[in-house]
Amino acid sequence: MKSIPALLLFVCLALPALRAQGGSLPESNAQGMEFFEKKVRPILEARCAECHSARKKIKGGLDLDSKAGWMKGGDTGPAIVPGDAGNSLLISAVHWAEKELQMPPKKKLSSAEIGVLEEWVAMGAPDPRSAAAEGVAAKSRAMSLEEGRRFWSYAPRQPVQLPRVRRNDWALTAIDRFILAKLEEKGVEPSPLASPAELTRRLALVLTGLPPTPEQIRELERQGAAEGLAKAAEAFADSLLSSPQFGETWGRHWLDVARFAESSGGGRTLLFKDAWRYRDYVIEAFNQDRPFDQFLREQVAGDLLPAPTPELRARQLTATGFLALGPTIYEEQNKQKLRFDVIDEQLDTIGKGILGQTIGCARCHDHKFDPIPQRDYYALAGIFASTRTLSSYEANVASWILTDLPVDEESAARIDAQQTRIEAAEKALQGKKNRLADLKKAKAGIAVEAGGERSRKPEPLKPGVPLPLSVLAGVALDDGDATAVGPWKRSKFCSQYFGEGYLHDENKEKGAKSLTFTPRLPRSGRYEVRLSFPSLSGRAKRVPVHIFHSKGDTTVYVDQSVVPPIEGRFVSLGVYEFESSGEGYVIISNEGTEGFVCVDALQFLPEGSSDVVEDRQAGKAGKAHPQDAIGALTAEIKADEAALAAQKARQERRPAVMSVREEDQIEDTHIRIRGEVNQRGAKVARGFLRVLGDSGEGRFDLKQSGRMALADWLASAENPLTARVYVNRVWAWMFGTGLVRTVDNFATTGEAPSHPELLDYLAQYLVEHQWSTKALVREIVRSRVWLGSVGEPGAVERDPENRWFGRANRRRLDAEQIRDGMLAVSGLLDSRVGGPNIEGANAADPLSGEASRVEFEYVFRDVRRSVYTPAFRNNRLELFATFDFGDTNTSQGQRYASNVAPQALFFLNHPFVLEQARRAARNEPLVAGTQTERVRQAFVRCLGRAPTAGEASVCARHLAEAESGEEAQREAWSRIYQSLFGSADFRFLN
């Protein structure tokens, strides 16, 4: 508990009322509408419309055709309480929470579908449908292609004339003339220039993400006095643009657009341990000022571009990670659905990130608002259907493609030799393990192989002996062969189990865990399905087991509180017809259970066969291998395992990247009716968005996917969207808001630009300057608009939202800027650039449970720039979660910046803040000088300015009230730094 004086200091310095701030992004319903169209509407159409649509029938008086329908509700009242999923009847019904209210009644929605509806209701249930409550289907409000081509964002750019202004002497650049013309039209007075200290902090944080040093502040003040503030700011900006920190900060912006993450997300998260190479590629691209059109081409089609050098080949392969890094549920059993989900996610990212379009809304039907027909969606989808993103369509858990990067001949030979030695050691070790298993089986008198045939042993299996699956006839799957959703715990508490143990759900998170077994059956036919589990007190009495067979699906409930009737290990789930094609599977869930749910093995036994192998030579085998042989072989195996582990730890990995490649079969794809992968409509030729005037006809090589043509179309100077969207992003990254405030949505549901002529001027400037990001940044920095101050307190009256950019916006720092700023002040910031960043990643199989544990149990200890902090999808650094880190599940060009109480509490209590404050108080440059000088230096380092008289007085009183002694004084200084970190002037930028 902090002392009262320390708390008073925190209140005095860290919690002043914020000044009014203009320019904050207004709440927009565009994101909610997109969520409804892409995720909610398909569920309502596929699972609810049969009984709750005027187009078919209305049961219970509930019409779900429109917002008015669910607001009115049915016989039991309104179906949804916007923003309150817990009190919404619709959510209760789909959960089957009440016996009398279970919707849909025939088959419950999947947990993923329920999650979508819950998220939709929680965000306020946005619903664009305006049909009458009687259930008449809403008429589409989408533009025609002809209308769309006249819409501002789809129309070709036109030459722009500089506007006339009354105050010609005010403008420093063309940008200023566009802004001033609008200010004069609206009667808004532009703000005066910011102070040198404010500009130094603004430039340092915007361009490098780090606070300026006292030396940088003094230098800009000196140059500003000698040469003028504009020239001094431009020179300082040039020095920042040439620093590696520029790429780290601006690369992070693009990583938000690219929805960069280092794990797959979902229930069974997988580890993207090579994703760091794409992150470093992006940082390098911004530092080298790679032309943006080239940057785009490399990410969309880098593997297809010519590469005269190994270095260029490696770079371009790495760039295609852009297409592979999305949130993917790799354990999805319907592989064609998974394939088209991946395609949809890629189109969504390209649509938002590059074109500012919600293309994904046209997967199931023509876009409801924008001129994007479903045909155009599948024209683009055909390009990615001819692109391979998944390494296999047959594996139980799919994976991404890892492509080896080119290395020199000497390195390749060395790596290959190491791998050959490891494979030989693994083979030898497995041989010893097989011999040990035979010895143990023979000694226990259980089973050995009998010429490949299997027959029943007369006596039942002996309890108390862990058994290999080889004793079972038919097709046997261990618990480790199942695809797990949610965390399951492995146990060996019971002595009766197959393999390495059994799994149980820890009697937690009911309804959120399941195990899916997918057998590879040798032939089609009827199979008895048996479940093995250890029985003890506390087991669940009604465990749901869903068997999906060729005749349909069946649910069986198993009482695990009683001993299984077959051999004390198995219970029969029934006999079912299965095909050898691998489409059948079994799901064991803990939904609705009370008590532990346990799973050991699953057996598929051909109807009429036996389940245990007989050891025809058990006696001989038993005599040949006594106990001492088992002990000696066990010790030998342990030694070999340790040696192999050490060998793998020293192994040099061939560098590899997550990437894509051309599909084995190149072809156009079919429209999917209502987005259902198996409901094919007409085949559509590959192409582009026709509203932009180029369908792509005649540009597709029949032997290539079309990604090269797509990359050229996206990066073309003639594409009206690409340059507009990107320069608007750069403007938003510089000013806090864009000329188009909906930076990811340039379509009809987004906002129109505040200065359309300026937007097109900047787009043309970008193209004429070889798509150079740094040239565009320099042009903005030179403008008086950029150099302006936040204005006087009365400046907000005529333009409360700063829509016309008459003053600088006051905005909260990003999570990374807050973290890196504290580390920089404390002196603990590690400036190393690039490279791997996840401890334990290389030792983990990325598809294993071990990899999931790396994420879920990860301890964040690094002190490098925040761009290198592991960006997991399920486990986020607490500071990032508190301060609105980007959403890694979707392309996001601008983050939401909240200002809520937990953020103040974070600075008051969190160990990271306390540690940085203590480090700052002990930082060597600060220990010299008088108390007044040290207080001033602390303010300059943290806030970029000197303290006011009142702030200096508060600090002096706090230090005077502290106990004497070196440690007590250091602690008093650490409270000052903690309070400065928590202050509004640290968290916000003028």
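Please read these numbers as outputs of a predicted model, since none were measured by experiment.

Residues and numbers for the overall build of the chain, please.
When its secondary structure is counted, the chain shows 34 helices and 22 strands. Buried positions account for 55% of the 990 residues belonging to the chain. Across the chain, every contact between residues at least 6 apart in sequence was considered, and the portion connecting residues at least 24 apart equals 73%. Approximately 42500 Å² of the chain is accessible, and the part contributed by carbon and sulfur atoms is 51%.

Break down helix α7 (residues 174-186) for me, citing the residues and quoting the values.
Compared with an ideal rise of 1.5 Å per residue, which puts 13 residues at 18 Å, α7 spans 19 Å between its outermost C-alpha atoms and is within 8% of the ideal. When α7 is considered as a whole, its buried residues turn out to be Ala174, Ile175, Asp176, Phe178, Ile179, Leu180, Ala181, Lys182, Leu183 and Glu184. Taken together, the buried residues of α7 touch α22 (722-735), α23 (756-768), α24 (773-781) and α25 (784-787). After α7 finishes, the residue Gly187 shows a positive phi value of roughly 70 degrees.

Any chance you could break down the environment of Ala851 for me, citing the residues and the numbers?
Following the sequence through the fold, Ala851 ends up in helix α27 (residues 849-856). Apart from residues no more than four positions distant in its own chain, Ala851 is found in contact with Leu271, Ala844, Asp845 and Pro846.

Residues and numbers for the nonpolar core, please.
Ranked by internal contacts, the top residues of the largest apolar core, which has 163 residues, are Leu207, Trp254 and Met734. Counting residues per element, this core draws most heavily on α22, at 9 residues. Residues in contact with Leu207, not counting those within four places in the same chain, are Ala237, Leu240, Leu241, Gln245, Phe246, Thr249, Trp250, Met734 and Val777. Leu503, Leu521, Leu602 and Phe604 belong to the second-largest nonpolar core, a separate cluster that totals 33 residues.

Talk me through the pattern of salt bridges; I want residue IDs and the actual numbers.
Opposite charge on two side chains allows them to pair when their charged atoms are near. Scanning all chains against the criterion turns up 61 salt bridges. For the salt bridge of Asp760 with Arg724, the shortest nitrogen-to-oxygen distance reads 2.7 Å. Here Arg724 lies in helix α22 and Asp760 lies in helix α23, a separation of 36 residues in the sequence. The burial state of Asp760 is the same as that of Arg724; both residues are buried. Within the structure, one salt-bridge network assembled from shared partners comprises Glu248, Arg819, Asp820, Asp862 and Arg865.

With reference to specific residues and values, describe the sheet that holds strand β7 (residues 489-491).
The strand order across the open sheet built from 3 strands is β7-β8-β15, with neighbouring strands paired in antiparallel fashion. Looking at strand neighbours, the two that pair on one side only are β7 and β15 (598-599), the edges of this open sheet. Strand direction decides the pairing type here: strand β8 (residues 502-504) and β15, joined by 2 bridges, are antiparallel. Considered in β15, the bridge of His504 is made with Cys598.

I'd like to hear about α22, residue by residue, with values.
Between its first and last C-alpha, α22 extends 20 Å over 14 residues, near the 20 Å set by a 1.5 Å rise per residue. The buried count for α22 comes to 14 of 14 residues, which makes it a mostly enclosed element. Backbone geometry just after α22 places Gly736 at a positive phi near 100 degrees.

I'd love a proper account of the side chain of Ser659, names of residues and values included.
Summarising the element assignment, Ser659 is placed in strand β17 (residues 656-659). Side chain to side chain, Ser659 and Thr403 meet in a polar contact 2.5 Å long. Residues within four places of Ser659 in sequence aside, it is in contact with Leu317, Thr320, Ala324, Ile401 and Thr403.

Which residues make up the sheet that holds strand β9 (residues 514-517), and what are the values?
Taken together, 5 strands build an open sheet; the order of strands is β6-β9-β14-β11-β12 and the sheet is antiparallel. Every other strand in the sheet has two partners, leaving β6 (483-485) and β12 (552-558) as the edge strands with one partner each. Neighbouring strand axes in the sheet, compared pairwise and without regard to direction, differ in orientation by 15 degrees on average. When strand β11 (residues 543-549) meets β12, the two strands line up antiparallel, connected through 7 bridges.

An account of the packing of aromatic side chains is requested, with residue identities and associated values reported.
Tallying each qualifying case throughout the model produces 40 aromatic pairs. Pairing Phe548 with Tyr585 gives two aromatic rings, centres 4.6 Å apart and planes at 15 degrees, and the pair type is stacked. Pair noted here: Phe548 is in strand β11 and Tyr585 is in strand β14 (residues 585-589), with a separation of 37 residues, a long-range link. In this structure Phe548 comes out as buried when scored by relative accessible area, which is 18%.

Describe the confidence of the model for the chain, with residues and values.
Averaged over all residues, the pLDDT of the chain is 85; the fraction at 70 or higher stands at 88%. Contacts from residues 15-28, a stretch scored under 50 in pLDDT, to residues over four places away or in other chains number 35 contacts. Across residues 131-140, where pLDDT falls below 50, the model places 23 contacts with residues more than four positions away in sequence or in other chains.

I'd love a proper account of the packing of helix α9 (residues 214-227) against helix α10 (residues 229-241), names of residues and values included.
Contact geometry of α9 with α10 gives a least axis separation of 7 Å together with a crossing angle of 140 degrees. In terms of orientation, α9 and α10 fall into the oblique class. Between α9 and α10 the crossing geometry is right-handed. Side by side, α9 and α10 meet where Gln216, Leu220, Gln223, Gly224 and Glu227 of the first sit next to Leu229, Lys231, Ala232, Ala233, Ala235, Phe236 and Leu240 of the second. The residue makeup of the contact of α9 with α10, split by class, is 7 nonpolar, 3 polar and 2 charged.

Talk me through the environment of Arg268; I want residue IDs and the actual numbers.
Structurally, the position occupied by Arg268 is in the loop between α11 (244-257) and α12 (276-287). The class of Arg268 is buried, set by a relative accessible area of 17%. Separated by 218 residues in sequence, Arg268 and Gly486 place their C-alpha atoms 6.5 Å apart. Apart from residues lying up to four places away in sequence, Arg268 is in contact with Glu331, Val397, Ala482, Thr483, Ala484, Leu847 and Ser852.

Explain the packing of helix α16 (residues 335-355) against helix α21 (residues 707-714) to me, and be specific about the residues and the numbers.
Closest axis-to-axis distance for the α16/α21 pair is 12 Å, and the angle between their directions is 25 degrees. Viewed along their axes, α16 and α21 adopt a mutual orientation that is roughly parallel. Classified by chirality, the crossing of α21 by α16 is right-handed. Contacts between α16 and α21 involve Ile350, Ile354 and Leu355 from the former and Leu710, Trp713 and Leu714 from the latter. Its residues placed into classes, the contact of α16 with α21 shows 6 nonpolar, no polar and no charged.

Now, about the side chain of Thr208: what can you tell me, with residues and values included?
Within the secondary structure, Thr208 sits in helix α8 (residues 196-208). In terms of polar contacts, Thr208 uses its side chain to reach the backbone carbonyl oxygen of Ala204, at 2.5 Å. Beyond its immediate sequence surroundings of up to four residues, Thr208 is in contact with Leu203, Leu240, Ser243, Gln245, Phe246, Thr249 and Arg865.

Let's hear about the pairing of β9: which residues, and what values?
Looking down a regular strand, the side chains alternate between one sheet face and the other. Of the two faces of β9, both are covered, the one formed by Ser514 and Thr516 as well as the one formed by Leu515 and Phe517. Relative to β9, β6 runs antiparallel, the two sharing 3 bridges. Counted as the bridge partner of Thr483 is Thr516 from β9. Here β9 pairs with β14 via 4 bridges, running antiparallel. Looking across to β14, one finds that Ser514 is bridged to Ser589.

Please give an account of unusual backbone geometry that cites residues and values.
The general pattern is negative phi for most residues beyond glycine and trans for most peptide bonds. Its identity as a non-glycine residue notwithstanding, Ala125 has a phi of 55 degrees, on the positive side. As for its placement among the helices and strands, Ala125 is situated in the loop between α5 (111-122) and α6 (145-148). Even without being glycine, Asp884 reaches a positive phi, approximately 65 degrees. Relative to the assigned elements, Asp884 resides in the loop between α28 (878-882) and α29 (901-909). With a relative accessible area of 18%, Asp884 lands in the buried category.

Describe the environment of Asp640, with residues and values.
On the secondary structure map, Asp640 appears in helix α20 (residues 627-650). Through-space distance from the C-alpha of Asp640 to that of Ala428 is 9.1 Å; in sequence the pair is 212 residues apart. In this view, Asp640 contacts Leu429 and Lys432; residues no more than four positions away in its chain are not counted.

Calculation rules
Residues numbered from 1 in each chain as written. Predicted model: local features only at pLDDT ≥ 70, side-chain atom pairs only at ≥ 80, totals over all residues. Heavy atoms only, no water. Helix = DSSP H or I, 4+ residues; strand = E, 2+ residues; numbered from the N terminus. Buried < 20%, exposed > 50% of the residue type's maximum accessible area, 1.4 Å probe, protein only. Contact = heavy atoms within 4.5 Å. Areas by Shrake-Rupley, 256 points an atom, 1.4 Å probe, with all protein chains shown as cover. Expected span 1.5 Å × (residues − 1). Core = buried A, V, L, I, M, F, W, Y, C linked by side-chain atoms within 4.5 Å. Salt bridge = Lys/Arg side-chain N within 4 Å of Asp/Glu carboxyl O. Pairing = 2+ DSSP bridges. Polar contact = N/O pair within 3.5 Å; in protein donor to acceptor, adjacent residues only side chain to side chain. Axes fitted to C-alpha atoms, helices over the stretch in contact; angles between N-to-C directions. Phe/Tyr/Trp six-rings, centres within 6.5 Å; stacked < 30°, edge-to-face > 60°. pLDDT = per-residue confidence, 0-100. Parallel < 35°, antiparallel > 145°, perpendicular 65-115°, else oblique. Left-handed = near helix turned anticlockwise from the far one by under 90°. Nonpolar A, V, L, I, M, F, W, Y, C, P; charged D, E, K, R; others polar.

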